[in-house]
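Structural characterization, general
Here is how the chains run, residue by residue.
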Amino acid sequence: QVQLVESGGGLVQAGGSLRLSCAASSSRSIFSINDMGWYRQAPGKQRDLVASITSGGTTNYADSVKGRFTVSRDNAKNTVYLQMNNLKPEDTAVYYCAVDFKPTILMSLRSWGQGTQVTVSS
């Protein structure tokens, strides 16, 4: 399995910025780490994709964050980042890191981070 440790959440005023980080590690050898990304879940709502990035660097964003958020990764550190600029109150949610990995060439699994709270005040 892959363990994920998230950091960087907090309270910020509207228009401000935050940077989330998620470091992946494993006590066992794995075949590969593939897509990495961020989801968010506001109270009473479903968990939705915010942004994702493939191992080759191809990115995908929710329409609501395009132009404001940037996802990136450091493959050498197995870490994914989410730079959030021009934050809005509607961005308030718990943000979860997600990593797709292959423990063997025949298997594909997903690990989730513990979640980090992002609160944007108006």
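Now for a description of the structure that goes with this document.

Parameters and conventions
One numbering rule holds for all chains: residues counted from 1, following each sequence as written. Local features in this predicted model are restricted to residues of pLDDT 70 or higher, and side-chain atom pairs are both shown and tallied only at a pLDDT of 80 or more, whereas totals for entire chains, interfaces and linings draw on every residue. In computing side-chain values, all of the structure's heavy atoms are included and hydrogens and water are not. Should DSSP find at least two bridges between two strands, the strands are taken to pair. Helix and strand definitions follow DSSP, with helices as H or I runs of at least four residues and strands as E runs of at least two, each counted in order from the N terminus. Within this document, salt bridges are pairs made up of a side-chain nitrogen of Lys or Arg and a carboxyl oxygen of Asp or Glu, the two lying within 4 Å of each other. We call a residue buried when its accessible area falls under 20% of the maximum for its residue type, exposed when it is over 50%, and partly exposed in between, using a 1.4 Å probe and counting protein chains only. Each aromatic pair joins two rings of Phe, Tyr and Trp (for Trp, the six-membered one) with centres within 6.5 Å, and gets the label stacked for planes under 30 degrees apart, edge-to-face for over 60, and tilted for any other angle. By the criterion adopted, a ring carries a charge over it if an Arg CZ or a Lys NZ lies within 6 Å of its centre and within 35 degrees of its normal. Two cysteine sulfurs form what is called a disulfide whenever their separation falls within 2.5 Å. Residues count as neighbours in contact if any of their non-hydrogen atoms are within 4.5 Å of one another.

**Some details on the pairing of strand β10 (residues 109-112)**
Where strand β9 (residues 93-102) lies against β10, four bridges are found, and the strand directions are antiparallel. The residue of β10 that forms the bridge with Phe 101 is Leu 109. Taking the residues that link successive antiparallel strands as the turn, the β9-β10 hairpin has six residues.

**Examining the pattern of salt bridges**
For the structure shown, the criterion picks out four salt bridges. Notably, a salt bridge pairs Asp 91 with Arg 40, separated by 2.9 Å at the nearest N-O pair. Of this pair, Asp 91 sits in the loop between β8 (79-84) and β9 while Arg 40 is found in strand β4 (residues 32-41), placing the two residues 51 residues apart along the sequence. The partner of Asp 91 in a salt bridge is Arg 68, and the shortest N-O contact between them spans 2.7 Å. Taken as a pair, Asp 91 in the loop between β8 and β9 and Arg 68 in the loop between β6 (59-61) and β7 (69-74) lie far apart in primary sequence, 23 residues in all. The exposure classification of Asp 91 matches that of Arg 68, with both residues buried.

**Describing the packing of aromatic side chains**
This structure, assessed with the given rule, holds one aromatic pair. For the ring pair Tyr 39 and Trp 112, a centre distance of 5.0 Å and an interplane angle of 65° mean the geometry is edge-to-face. Of this pair, Tyr 39 sits in strand β4 while Trp 112 is found in strand β10, placing the two residues 73 residues apart along the sequence. Judged by its relative accessible area of 36%, Trp 112 falls in the partly exposed class. Lying across the ring of Tyr 81, Arg 19 places its NZ or CZ 4.1 Å from the centre. Residue placement shows Arg 47 over the ring face of Trp 112; its charged tip is 4.7 Å from the ring centre.

**Remarks on the state of the cysteines**
Considering all chains together, one arrives at one disulfide under this definition. Disulfide pairing is shown between Cys 22 and Cys 97; the S-S distance is 2.1 Å. As the torsion about the S-S bond is roughly -80°, the Cys 22-Cys 97 disulfide counts as left-handed. Here Cys 22 is found in strand β3 (residues 18-25), whereas its partner Cys 97 is found in strand β9, with 75 residues between them in sequence. Under the relative-accessibility criterion, Cys 22 is labelled buried at 0%. Accessibility expressed as a relative area gives 0% for Cys 97, which makes it buried.

**A short note on the environment of Gly 113**
Counting through the fold element by element, Gly 113 comes out in the loop between β10 and β11 (116-121). Judged by its relative accessible area of 9%, Gly 113 falls in the buried class. Note: C-alpha distance between Gly 113 and Ser 7 (106 residues apart in sequence) is 9.9 Å. Those residues in contact with Gly 113 that lie beyond four places of it in its chain are Leu 4, Glu 6, Tyr 96 and Cys 97.

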